[in-house]
Amino acid sequence: IKKQQQDVLGFLEANKIEFEEKDIAANEENRKWMRENVPEDSRPASGNPLPPRLFNDSRYLGDYEAFFEARENNAVYAFLGLTAPPGSKVGGYISHSKP
């Protein structure tokens, strides 16, 4: 779990994507919020959903596997619900502005 969390945080930091990290180990309110906001169909068959889980405000985006797949497909900005900055790869294409 820690390696996956570091992978997500490292990617966000390296790409200067603003985020808020919510520690569920040290904060019961954060843990409760995460468990309540992960959709039923994205929860494990038994037990509670484990981090890392990604949200855009309170909209659930997915778990590490979904993030990893989006990153592999150059679709992280779309996955995160963000507009990609000029010159970044998006869905296999490079977005840019015309001169």
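Up top you'll find the structure we're talking about.
Numbering of residues begins from 1 in every chain and follows the order in which that chain's sequence is written. Selection of residues for local features in this predicted model requires a pLDDT of at least 70, selection of side-chain atom pairs for listing and counting requires 80 or more, and totals for whole chains, interfaces and linings are taken over all residues. Only heavy atoms go into the side-chain values, all of them from the structure, while hydrogens and water stay out.

Engineer: Would you take a moment to explain the overall build of the chain for this structure?
Structural biologist: Helix numbers and strand numbers start at the N terminus; a helix is a DSSP run of H or I with at least 4 residues, a strand a run of E with at least 2. Secondary structure summary: the chain contains four helices and four strands in total. For the chain, the sequential pattern of α-helices and β-strands runs α-α-β-β-α-α-β-β. In this scheme, a residue with accessible area under 20% of its type's maximum is buried, one over 50% is exposed, and one in between is partly exposed, where area comes from a 1.4 Å probe on protein chains only. Evaluated residue by residue, the chain yields a buried proportion of 26% over its 99 residues. Pairs of residues are marked as contacts when any of their non-hydrogen atoms sit within 4.5 Å. Restricting the contact set of the chain to residue pairs at least 6 apart, pairs at least 24 apart contribute 29%. The accessible surface values rely on the Shrake-Rupley method and a 1.4 Å probe; as for residues, cover is taken only from the protein chains in view. Put simply, the chain shows about 7,100 Å² of open surface, and 48% of that area lies on carbon and sulfur atoms.

Engineer: I would appreciate a short explanation of the packing of aromatic side chains in the present structure.
Structural biologist: Centre-to-centre distance and the angle between the planes together describe a pair of aromatic rings. The pairing test for Phe, Tyr and Trp rings, Trp by its six-membered ring, is centres within 6.5 Å, and the orientation test on the planes gives stacked under 30 degrees, edge-to-face over 60, and tilted for anything in between. Going through the model one piece at a time under the given rule, you end up with six aromatic pairs. Relative to Y60, the ring of F55 has its centre 5.3 Å away and its plane inclined at 65°; by these criteria the two rings are edge-to-face. Judged by its relative accessible area of 16%, Y60 falls in the buried class. Centre to centre, the rings of Y64 and F68 are 6.0 Å apart; their planes meet at 35°, and the pair counts as tilted. Separated by four residues within a single helix, Y64 and F68 lie in helix α3 (residues 64-72), roughly one turn from each other.

Engineer: Even after reading the chapter, I still don't get the packing of helix α1 (residues 2-14) against α3, so can you show me in this structure?
Structural biologist: Helix-helix packing is described using two parameters, namely the angle between the two axes and the distance between the axes. The interhelical angle for the contact between α1 and α3, taken along N-to-C directions, is 45°, at an axis separation of 11 Å. Here α1 lies oblique to α3, going by the angle between them. In this structure, α1 crosses over α3, and the sense of that crossing is left-handed. Taken together, the residues of α3 that come into contact with α1 (itself represented by Q4, D7, V8 and F11) are Y64, E65, F67 and R71. Only Asp, Glu, Lys and Arg are considered charged, only Ala, Val, Leu, Ile, Met, Phe, Trp, Tyr, Cys and Pro nonpolar, and every remaining residue, Gly among them, polar. Partitioned by chemical class, the residues of the contact of α1 with α3 number four nonpolar, one polar and three charged. Geometry is summarised by axes, namely lines fitted to C-alpha atoms with helices restricted to the contacting stretch, and by angles between N-to-C directions that run from 0 to 180 degrees. Orientation is classified from the angle alone, with under 35 degrees giving roughly parallel, over 145 giving roughly antiparallel, 65 to 115 giving roughly perpendicular, and any other angle giving oblique. Crossing handedness is defined as follows: a turn of the near helix away from the far one that is anticlockwise and smaller than a right angle gives a left-handed crossing, while the clockwise case is right-handed.

Engineer: Just to check I follow, could you spell out helix α2 (residues 28-37) for this structure?
Structural biologist: Because the α-helix completes a turn every 3.6 residues, residues three or four places apart line up on one side. Within the sequence span of α2, burial applies to N30, R31 and M34. The buried residues of α2 occupy one face: seen down the axis, they fall within an arc of 100°. Exposed positions of α2 whose direction lies more than 90 degrees from the buried face are E29 and E36. Identification of polar contacts relies on pairs of N or O atoms within 3.5 Å, with a donor-acceptor requirement for protein atoms, meaning one able to donate a hydrogen and the other able to accept it, and with residues adjacent in sequence counted only if both atoms are side-chain atoms. The residue sitting at the N-terminus of α2 and contributing the capping side-chain oxygen is N27; that oxygen lies 2.8 Å from the backbone nitrogen of E29. Taking the helix axis as origin, the arc is that swept by the directions to the C-beta atoms.

Engineer: I would appreciate a short explanation of the pairing of strand β1 (residues 53-56) in the present structure.
Structural biologist: When a strand is regular, its side chains alternate between the sheet's two faces. Bridge count between β1 and strand β2 (residues 59-63): four bridges; the pairing is antiparallel. Residue F55 lies in a different strand from β2, and its bridge partner there is Y60. Note on pairing: DSSP must find at least two bridges between two strands before they are called paired. Between the antiparallel neighbours β1 and β2 lie two residues, among them D57 with a positive phi of about 60°.

This is a description of form; function is not addressed.
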